[in-house]
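Notes for the structure review
Take a look at the letters that make up each chain.
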Amino acid sequence: MKKVVIIAVILVSSAPILLSAQTSTTKVKTPSLSQETSACLDCHKQFTPGIVEDWLRSRHSKVTPASALRRPEMERRISAKKVAPPYGNVVVGCYECHGLNPDRHRDNFDHMGFKINVIVSLNDCATCHPVEVKEFSGSKKAHAVGNLTKNPIYHTLVETVISKKAVKEGKIVQLNVSDFTQMETCFSCHGTEVKVGGMQEVETKMGKIEVPALTQWPNQGTGRINPDGSLGACSACHARHEFSIEVARKPYTCAQCHLEPDVPAWNVYHESKHGNIYHSNHQKWNFNAVPWKVGKDFQSPTCATCHNSLITGPDGKKVAERSHDFGSRLWVRLFGLIYSHPQPKHGDTSLLRNKEGLPLPTAFTGEIATEGLLGQDEQTKRRNLVSGICNRCHSTSWVNRHFEKLENTIQEVDSLTLASTLLLVEAWNHGLAEGLPHGKNPFDEAIEQMWIRQWLFYANSVKYASAMTGAPDYATFKNGWWNLTENLQQIKDWMELKRKAK
Amino acid sequence: MKKVVIIAVILVSSAPILLSAQTSTTKVKTPSLSQETSACLDCHKQFTPGIVEDWLRSRHSKVTPASALRRPEMERRISAKKVAPPYGNVVVGCYECHGLNPDRHRDNFDHMGFKINVIVSLNDCATCHPVEVKEFSGSKKAHAVGNLTKNPIYHTLVETVISKKAVKEGKIVQLNVSDFTQMETCFSCHGTEVKVGGMQEVETKMGKIEVPALTQWPNQGTGRINPDGSLGACSACHARHEFSIEVARKPYTCAQCHLEPDVPAWNVYHESKHGNIYHSNHQKWNFNAVPWKVGKDFQSPTCATCHNSLITGPDGKKVAERSHDFGSRLWVRLFGLIYSHPQPKHGDTSLLRNKEGLPLPTAFTGEIATEGLLGQDEQTKRRNLVSGICNRCHSTSWVNRHFEKLENTIQEVDSLTLASTLLLVEAWNHGLAEGLPHGKNPFDEAIEQMWIRQWLFYANSVKYASAMTGAPDYATFKNGWWNLTENLQQIKDWMELKRKAK
Amino acid sequence: MKKVVIIAVILVSSAPILLSAQTSTTKVKTPSLSQETSACLDCHKQFTPGIVEDWLRSRHSKVTPASALRRPEMERRISAKKVAPPYGNVVVGCYECHGLNPDRHRDNFDHMGFKINVIVSLNDCATCHPVEVKEFSGSKKAHAVGNLTKNPIYHTLVETVISKKAVKEGKIVQLNVSDFTQMETCFSCHGTEVKVGGMQEVETKMGKIEVPALTQWPNQGTGRINPDGSLGACSACHARHEFSIEVARKPYTCAQCHLEPDVPAWNVYHESKHGNIYHSNHQKWNFNAVPWKVGKDFQSPTCATCHNSLITGPDGKKVAERSHDFGSRLWVRLFGLIYSHPQPKHGDTSLLRNKEGLPLPTAFTGEIATEGLLGQDEQTKRRNLVSGICNRCHSTSWVNRHFEKLENTIQEVDSLTLASTLLLVEAWNHGLAEGLPHGKNPFDEAIEQMWIRQWLFYANSVKYASAMTGAPDYATFKNGWWNLTENLQQIKDWMELKRKAK
């Protein structure tokens, strides 16, 4: 009954004019607000004012797709050739996003008389940003869920780490993994599969309302499987509801997932000369310019500069194309699984096969997969592209030496991973631990955990430090060479003690 | 003799007009400067100019209590109903704070002809801010010293960690704990008991002067026991002498004490979406507004938003009352001692009793204390309050799911603490280590240290990551599930080696 | 052929007027650009626009040495008494730095018709900044390469950590150290010896060009041995090509090398009250003022304030002289090798001799070297200087207590290092490990690695936390007392297990 009254109030009062009365941080001229969005705002400015204010700061609230399309191509932030009515001539408001493609959305529900999706999916964003969505869809980021869950080896590692445990008769027993713990550990970055389990009633400040009961939700992981079947969450990097290019370009966004000990990109950046200059001077830079001009808009790169933004010189000449396939500029995959290797051709890494027939990019003893990895030509092409970005500030010989050094580093630290692998094999063969040869979990004993540290934490740290022009401590004492060396010694020590205690 | 001359100079020259000649970053009109404060400034602008300049930036230097009281109640930064003469009509200068309640202050001394307290105590600040002082006085923060020192279990842990040690005949011998080390470790955050040990002569740039000889000083710990007997240091968060609300609201203030590995609130925040938005955009926010308006003054919360600030919507409607009892909005205490539990009813946690009769919130095997913890109703009320803050930006179902997840996480990681506790008990029972059953220190052997890591570092990290809407690495690899799992295995491994070496 | 044409184009077109056509972030009047620099800019604004834009932001691009010399002495950023023609009356452009002293530079080469040095050396910067160069040249920073490589003990530690390793017949075998790994680990901060190995052809966007083939390059380490024989890289802290005093004064610059776990100055600062105030308020400060005025230009110190900047009061009265010998204000060297000790008299620490005749500042059991360390008088003088800086904001008794506390802390944590050393000696004597008494590497076994952690990571953390007015977590749980205590126990535990397994 209450609900009915509320809807009636909205229907009577939801006119664009209402917005002018609101308390807003920004004065906006909003002749082009859709009627539906006006209705949304009318309630939500009272009940969730934070996101309304956030949206009011956004470009979405100020620009219509039609006007966005009038910009010169290089300056455009929209990749559709045209945006069909009714969307072209209204600003991009609540309903323009949450009301799209209702038939595809299993999370669509009747909300105050409107058909609303809880989740705005990758496919919805494609209405205006189809090129970005297409690029992203082929990337490892889009396949981040399946790359963990469909791969039995990675899956075992995940389960070993995040399963509940108990001690029974002096033994550690591995129990099940809860949905909630998945959501906030591995799959917080990788994404969850959001399913709709019927409707539920929730008690809100407006009274009781019915909303879809979503599982594995909330989640903004990069490869989220949406209720419309699409893969990916744009909001992983473009935080709701300002969707600011500035936030996405600043390193804190990537830092949410790419950080020590396993992927210490943020930590290495912070400690590098690039990071030093960023931290010291970034207040004076322009993080909103499209295209993004080297030297003029920024003095030192952030993650986005090298990995995906449309970059030009100060003269406007293109240096690198925008891409939302974040691996598309990269030739080598530093992140060792368990050794570094050429980037996969496709974002779905479960398609890879190593010489043992497993869906891994490298064999246990280091040989790279024969199928599914980039060939030499494509690698060279990509390295030249990235070198070209470095080259806008650094001399050619500087850049060449930098990448020669990186190649050497990869070989050296991978050889320290191999050394630990050979010790582990010896431990397994001598019965000091039970692993692959005995058909047992290779990730759950102390020596196996030390071995995981070698490649997942320490080798990665040194490689990231090397790749990002120097973070001496991450190469040396902070999860670096010190730890590679110390850990190798501890593995050997552990084996000796076990052997003597047998 | 020199001293006498100096005082004479001051008495002759200390007039408000002097201040106009000083080099200051801010032009201030100071008709309402007290004569005493003028005298202070006259010397101190020469001898400690840094704090004078700092004070000149403060609201204290520009506003009299009387004018502060003229603001509408919601905008007021002063909670006294009135401020008695002579304090109401002068700005809040040196003497207005350091000259209060001289009779109560054992640190009061004759300084250049004035009766000065070295330490401005909680009780002194109550002259203008009595509500804040009252709230704070009942909090765990106010009792932070006694909560460590009056509890024999915590006290033993403290002593074990920070006592000097020596090796005598191959054994590690625990020696005494020095005052200085107490001051800069545990009690740097918790606070020290500052006592006055007579007077001492110090050689200053003005010549020799006599000042009180304070013990356990300098210290700005939150629960400092002041020489007037009051508990607390406002300067722990409101840094001298600007006393800026902006500094207190920015997360760096809380971060001084709430950080990894034991209380990783700052680290988790830094890595969360809230932290990302803060770091990317905070330059554009208003950290000085009272009340503090969601969406309008800030886009994402800092610590103060959820824990204590007066928050309203952009429309000025109250969302949460200000409170300086920083635990007063919380229902569950994540920080495990050694398991999570309902928040204590009173800030003095030595009043708690667990089922073993010890002053602990939980028993060794997890049961919560029967006395002194919040009941279910109060817990629900508080959870609703905090949910209401979240709800200004997040939908009700989003918020509900978030707190359901948190509850699950607490149970799961506490069960991993329990698993480690059961192994420890087994080790004690089998003589692999000497602990409680043998009447020995339960915190000083290797297995005991591993056990402490389980609840103090790793379980806390996962719980904080969960509570603060996601910091995937602190939940997973960085002191999270990885470490809970690895540590449990190492405890078991250690026990096996010990058993075999027996 | 292509090269010839390019040079011809440059010679025809290289006139100052060209610059006016460029896309620049700053409008600059450049009547005083040298003809050579004009030629450089003409190409480099196309090929390396990032560094050209960076330079355009610099003071170098806007001020001639002659005009810099006209400033009052206290405000001067140039220490030469005069700068000889042709350098005095042109702005400091590409050629003014990269064209200096060609005869001394083994890295000088013919580049498009000009004689260019790849590396701008300390000696080149001395043209305008001779006092800074002289100060720096006597410092530990200038001798940072030799201090590692000429000292057989440190050299062994370096080799142990960063050498490649392999497992051969169950043993860990230490292989050689690569140039590249040296460059990006220890010597990334310390500096490399850059040598010229003939010329090489590189493929650039302008076609093939010949450039010197430098070894151990790129490197900006503080003690870099330059191809002209001079020691030091000003660009270690004054990042190319803006050479901003602001960047050098912000803590991120020092943080590149001075960070946890071995030298946790940055981490401690971040967590201290000073760091809190910096992070909260630094946007409002003036990092470019010379002299740098306490209270007026900044509210809390950064590294540069205490260690090397020219500091005055708000009234312009000198508090501390500028010095580019970064150890010159310090009396005690906190960094334990392996115990703290008075600062060395000279930056070349290989001149030191301990009682065992080794080039170390302390003996194995703690006695300080008899030769080469500061005497008591000089220590007192320096302590008074630094106390005078603290004293601009803190009372004399506050400052006195602070430094008394520091002295106590040094003694206490050094005694925990001694305890670990005595256990190590016992292990060596009982054959549990092979070290010095057996003429073996004292840094490569598990117990030795634990011992290194004690002094290099944990003792240092506590000492830095103490010295920098408090970072309670670095003193307690984060590489602090917790770890000193735990590690000591683990050393003892390891010894027992080894003894029983023998």
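Fair warning: this is a prediction, and the values are worked out from it, not measured in the lab.

Rules used in this analysis
- Along each chain, the written sequence defines residue order, and numbers are assigned to residues from 1.
- Going through the entries in the order they are written, you letter the chains from A and number the ligands from 1.
- Per-residue local features are limited, in this predicted model, to residues with pLDDT of at least 70; the limit for side-chain atom pairs, both in listing and counting, is 80 or more; totals at the level of whole chains, interfaces and linings are taken over all residues.
- A pair of strands is labelled paired if DSSP reports no fewer than 2 bridges between them.
- Each helix corresponds to a stretch of at least 4 residues labelled H or I by DSSP, and each strand to a stretch of at least 2 residues labelled E; elements are numbered beginning at the N terminus.
- Our contact criterion uses C-beta atoms placed from the backbone: two residues qualify when those atoms are within 7 Å.
- Residues are grouped as follows: Ala, Val, Leu, Ile, Met, Phe, Trp, Tyr, Cys and Pro are nonpolar; Asp, Glu, Lys and Arg are charged; all remaining types, including Gly, are polar.
- What sets the superposition is a least-squares fit of C-alpha atoms, and only residues with pLDDT of at least 70 in both copies go into it.

1. Re the sheet that holds strand β9 (residues 318-320) of chain C
- Spatially, the three strands line up as an open sheet ordered β7-β8-β9 (chain C), and their pairing is mixed. The sheet is open, and its two edges are formed by β7 (292-293) and β9 of chain C, each paired on a single side.

2. A word on the sheet that holds strand β8 (residues 311-312) of chain A
All names here are of chain A.
- If you walk across this open sheet you meet the three strands as β7-β8-β9, and the pairing is mixed. Each edge of the open sheet is held by one strand with a lone partner, namely β7 (292-293) and β9 (318-320).
- By the bridge criterion, two bridges tie β7 to β8 in an arrangement that is parallel. Of the residues in β8, the one forming a bridge with K293 is T312.

3. Concerning the pairing of strand β6 (residues 207-215) of chain B
Residue and element names in this part refer to chain B.
- Direction of pairing for strand β5 (residues 195-204) relative to β6: antiparallel, over a ladder of eight bridges. Opposite V202, over in β6, you have I209 as the bridge partner.
- Taken together, β5 and the strand that follows it, β6, pair antiparallel across an intervening segment of two residues.

4. Digging into the interface of chain B and chain C
- If you look at the interface, chain B gives 51 residues, while chain C gives 57 residues.
- If you tally residues by element for the side of chain B that touches chain C, the top one is helix α3 (residues 49-57) of chain B, at six residues.
- Here the residues of the side of chain B that touches chain C are counted per class, giving 25 nonpolar, 15 polar and eleven charged.

5. Details of the relation of the copies chain B and chain A
- Each copy of the sequence occupies a distinct position, and chain B is placed on chain A by a rotation of 120 degrees and an axial shift of 0.0 Å, giving an RMSD of 0.0 Å. One copy is carried onto the other by what is essentially a three-fold rotation axis. Measuring from the rotation axis to each C-alpha of chain B, the shortest distance belongs to A501 of chain B, at 3.9 Å.
- The overlap is low: 5% of the interface residues of chain B also sit at the interface in chain A, so different surfaces are used on the two sides.

6. Some details on unusual backbone geometry
- The omega angle of the peptide bond from P85 of chain A to P86 of chain A is 5 degrees, so this bond is cis rather than trans.
- By secondary structure assignment, the location of P86 of chain A is in the loop between α4 (65-69) and α5 (94-98).
- That bond from W217 of chain A to P218 of chain A is cis: its omega, 5 degrees, falls within 30 degrees of zero.
- When you line up the elements, P218 of chain A lands in the loop between β6 (207-214) and α12 (245-249).
- The backbone of N479 of chain B sits at a positive phi, close to 65 degrees, despite the residue not being glycine.
- Inspection of the secondary structure assignment puts N479 of chain B in the loop between α20 (472-475) and α21 (481-501).
- Even without being glycine, M112 of chain C reaches a positive phi, approximately 60 degrees.
- Examined against the element boundaries, M112 of chain C turns out to sit in the loop between β1 (108-111) and β2 (114-117).

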